[in-house]
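# Inside the fold
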Amino acid sequence: MTIIAGIVGALAVVVAAARWLRVLQREHYIASSGLVVARRWIVCRPHNALLAAIAILGAIGAITTRASIAAPCALAAATAGGAFPIPMTVLGHDTRLRMTRRATTLTAVVAALALAVIALTAAFGRWYAGPALAAVAMVVLVDATAAITAPFERRAMERHRDRAAAKLRTIAPTVIAVTGSWGKTSTKQHIADLLNGSVTALASPASFNNTGGLSRTINDHMSPGCEVFVAEMGMYGPGEIRALCAWIPPDIGVICAVGPMHLERAGSIEAILAAKAEILERASQAVLWVSNPLLADLAEQQTIKVWRVGTAGTPDLDVEIRDNEHGDAFEVVHDGRVLGTCSKDSGVHPENVGCAVAATLAYGIDEQALASRLAHLTSPDHRATTARSDTGVFVIDDTFNSNPQGANRAMQSLVRAVPDGRRAVVTPGMVELGRTQADENRRFASDVTASGSTLVIVGYTNRRALLAGASEGSGSNTNDGTVVRVRDRDAARTWVRATLRAGDGVLWENDLPDHYP
């Protein structure tokens with residue numbers, strides 16, 4: 001029995017290490033992210049609480065009970081530890097563990113820690129309990145590895161950062177730095193699209209918004225003659241944007257939105273605002289969406305030039321966003337003049353466009369040049385982009401970085417685009433909203449079913465809140481066809497293909513990686 005327990009334990013160590021290293025990589029190597037994900041699976045899929053209890057009690061029994069009982073306990077602990085959490089895959093469906101230099105380093109350290117656990121138990125005559133104990137504790141070992149290697153990774157990153165900072169000083173472009181709880185990638189792209197044609201501009205690609213991504217952008221893509229660098233800056237907590245601005249000092253700082261995204265990490269809206277406001281500390285001009293009261297207050301505190309952007313009715317605007325006479329588009333107004341018009345169904349959001357226009361005006365781009373480019377702005381991929389499937393179904397793809405405001409707008413676009421056909425909203429719900437997450441998902445689900453659309457709930461992460469909201473919106477229970485529950489995105493695709501026809505429409509709102517329940 002001891003040999004079987006040892007073999008099963010060794011296999012469980014390999015399986016658990018592969019699973020939790022992949023989770024760590026997907027969670028940007030943040031120490032403690034493994035425990036956060038494990039807790040999520042226990043809360044959303046309660047059978048995992050039983051599995052975790054078996055694993056922990058079995059591990060304790062394997063090292064504390066007499067030999068005749070210890071081996072079966074080790075076997076049970078290894079089996080449960082390797083399986084936890086069910087049904088999270090080991091290798092992943094969509095994104096597998098990539099053995100980068102950093103992942104290879106982490107794997108080596110995890111292996112060393114696991115061997116240390118095994119050696120320690122062997123020293124006390126329970127060698128067969130060591131692998132089981134390591135498998136059960138693997139999520140803790142992986143989190144500990146992230147913390148242990150963090151200083152080394154910072155030093156490695158600093159070398160790339162210092163090279164990028166030197167290159168940036170040599171080329172000396174004007175820096176427009178963009179942040180926001182959401183919309184920063186779209187705003188960044190809009191600024192670059194409005195600038196190009198008048199000046200040579202470089203924007204950080206995709207969501208390259210941290211030290212590594214911005215260093216890589218400058219080192220690999222910035223060339224002499226670059227006149228403007230548009231840098232997206234993201235944050236999970238205080239000090240991160242300040243650290244970016246220390247070596248990429250902005251001339252113009254843009255905050256396009258402040259809301260509950262990353263609230264579970266930041267702790268409060270006030271903390272999020274303070275962290276975002278770091279982008280203005282070195283800037284000579286600021287662009288703020290002042291229809292948000294938090295940003296309106298921030299604007300009043302500034303001693304630098306502030307470009308106030310907002311919707312009609314907000315006082316003292318430099319750039320105003322207002323509906324056109326038909327209500328199907330919004331106009332961008334500066335100094336009483338309409339610079340251009342954007343369709344509400346184009347996938348571009350008013351606050352992002354308004355902040356982009358203000359940033360380019362702050363830089364000094366001619367109004368006439370902006371007017372000719374506004375009508376051609378598009379949204380980045382997977383951010384409310386529209387298409388029609390080969391079967392004639394109207395599709396809105398809003399699967400990236402879902403937020404309450406954007407989700408509601410995308411749903412309204414679906415209703416406008418498909419007034420008569422069947423409509424479906426496919427979503428796992430929104431995440432990283434802290435204590436507001438359940439309420440926001442409940443509210444969104446209520447709006448979906450109240451609009452007459454079918455809500456297709458993917459997975460378990462927000463299922464309880466979405467079901468509650470769907471019942472409120474439809475005024476009935478969730479078994480009348482207004483709600484469909486599916487296990488994962490593949491099952492949702494199958495349902496959409498089998499159910500929707502030409503003239504119908506579907507909104508794909510958010511897409512969670514498969515380490516979410």
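Each value, and the rule that gives it
Once a new chain begins, its residue numbering starts again from 1 and follows that chain's sequence as written. Reporting in this predicted model follows two pLDDT cut-offs: at least 70 for local features of residues, and 80 or more for side-chain atom pairs to be given and counted; totals over whole chains, interfaces and linings ignore these cut-offs and use all residues. As a convention, hydrogens and water are excluded, and side-chain values are obtained from all of the structure's heavy atoms. Within this document, salt bridges are pairs made up of a side-chain nitrogen of Lys or Arg and a carboxyl oxygen of Asp or Glu, the two lying within 4 Å of each other. Here a strand is any run of E in DSSP of at least two residues, a helix any run of H or I of at least four, and the numbering for each starts at the N terminus. Two strands qualify as a pair provided that DSSP identifies no fewer than 2 bridges between them. What counts as an axis is a line fitted to C-alpha atoms, over the stretch in contact for a helix, and the angles between N-to-C directions run from 0 to 180 degrees. Only rings of Phe, Tyr and Trp enter the pairing, Trp through its six-membered ring, and a pair is recorded when the two centres are within 6.5 Å. The plane angle decides the type: under 30 degrees is stacked, over 60 is edge-to-face, the rest tilted. Each residue is assigned to one of three classes by its accessible area relative to the maximum for its type, calculated with a 1.4 Å probe on protein chains only: buried under 20%, partly exposed between the two thresholds, exposed over 50%. Here, a charge over a ring is recorded when the distance from Lys NZ or Arg CZ to the ring centre is within 6 Å and its angle to the ring normal is within 35 degrees. As used here, the term nonpolar core means buried Ala, Val, Leu, Ile, Met, Phe, Trp, Tyr and Cys residues forming a set that is joined through side-chain atoms within 4.5 Å. Two residues form a contact once any of their heavy atoms are found within 4.5 Å. For classification purposes, angles smaller than 35 degrees are called roughly parallel, those larger than 145 roughly antiparallel, those between 65 and 115 roughly perpendicular, and all remaining angles oblique. Should the near helix be turned counterclockwise from the far one by less than a right angle, the crossing is left-handed, whereas a clockwise turn marks it as right-handed. Lys, Arg, Asp and Glu make up the charged group, whereas Ala, Val, Leu, Ile, Met, Phe, Trp, Tyr, Cys and Pro make up the nonpolar group; the residues left over, Gly among them, are polar.

## Brief notes about the pattern of salt bridges
Under the counting rule described, the total for this entry stands at 20 salt bridges. Close ionic contact of Arg-101 with Glu-153 constitutes a salt bridge, the shortest N to O distance being 2.8 Å. With Arg-101 in helix α5 (residues 101-123) and Glu-153 in helix α7 (residues 138-171), the pair connects residues that are 52 residues apart, well separated along the chain. Several salt bridges converge on common partners, so that one network encompasses Arg-101, Arg-102 and Glu-153.

## Remarks on the sheet that holds strand β12 (residues 423-427)
Across the sheet, six strands lie side by side as β10-β11-β15-β12-β13-β14; this open sheet has mixed pairing. At either end of the open sheet lies a strand with only one pairing partner, and these are β10 (385-388) and β14 (483-486). The sheet shows a mean angle of 20° between the axes of neighbouring strands, direction not considered. Bridge analysis of strand β13 (residues 454-458) against β14 gives four bridges, and the strand direction is parallel. Along β14, the bridge assignment pairs Val-456 with Val-484.

## Notes on the packing of aromatic side chains
Overall, the coordinates contain two aromatic pairs when judged by the stated rule. Here the aromatic rings of Trp-127 and Tyr-128 are separated by 5.8 Å at their centres, their planes lie at 85°, and the arrangement is edge-to-face. For Trp-127, a relative accessible area of 42% corresponds to the partly exposed category. Given a relative accessible area of 5%, Tyr-128 falls into the buried group. The cationic tip of Lys-305 hangs over the ring face of Trp-307; the distance from NZ or CZ to the ring centre is 4.8 Å. In this structure, Arg-463 is placed above the aromatic ring of Tyr-460, and the distance from its NZ or CZ to the ring centre is 4.1 Å.

## Topic: the nonpolar core
Counting 73 residues, the largest nonpolar core has Met-233 and Val-357 as the members making the most contacts within it. Counting residues per element, this core draws most heavily on helix α14 (residues 350-363), which supplies eight residues. If we ignore the near neighbours within four places in the chain, the residues touching Met-233 are Ala-177, Val-178, Thr-179, Lys-184, Asn-209, Leu-214, Ile-241, Leu-244, Cys-245, Ile-248 and Ile-279. Core analysis: the next-biggest nonpolar cluster, separate from the first, contains 41 residues, Ala-16, Leu-21, Ala-78 and Met-88 among them.

## Section: the sheet that holds strand β5 (residues 285-289)
The sheet built from nine strands is open, its strands ordered β2-β3-β1-β4-β5-β6-β7-β8-β9 with mixed pairing. If you trace the sheet from one side to the other, it starts and ends with β2 (201-203) and β9 (337-343), each paired once. Each strand of the sheet is rotated relative to its neighbour by a mean of 15°, with strand direction disregarded. Sheet analysis places strand β7 (residues 319-323) next to strand β8 (residues 329-334), joined by five bridges and oriented antiparallel. The partner of Ile-321 across the bridge, within β8, is Val-332. In the packing of helix α9 (residues 211-221) onto the sheet, the strands contacted are β2 and β3 (228-232), and the crossing angle to β3 comes to about 155°.

## Examining the packing of α14 against helix α15 (residues 367-374)
Axes are the key here: two packed helices are described by the angle between their axes and the distance separating the axes. At a minimum axis separation of 11 Å, α14 and α15 run at an interaxial angle of 150°. Here α14 is positioned roughly antiparallel relative to α15, judged by the angle of their axes. Handedness of the crossing formed by α14 with α15: right-handed. Judged by residue contacts, Val-353, Val-357, Thr-360 and Leu-361 of α14 engage Glu-367, Leu-370 and Leu-374 from α15. When grouped by side-chain class, the residues that make up the contact of α14 with α15 number five nonpolar, one polar and one charged.

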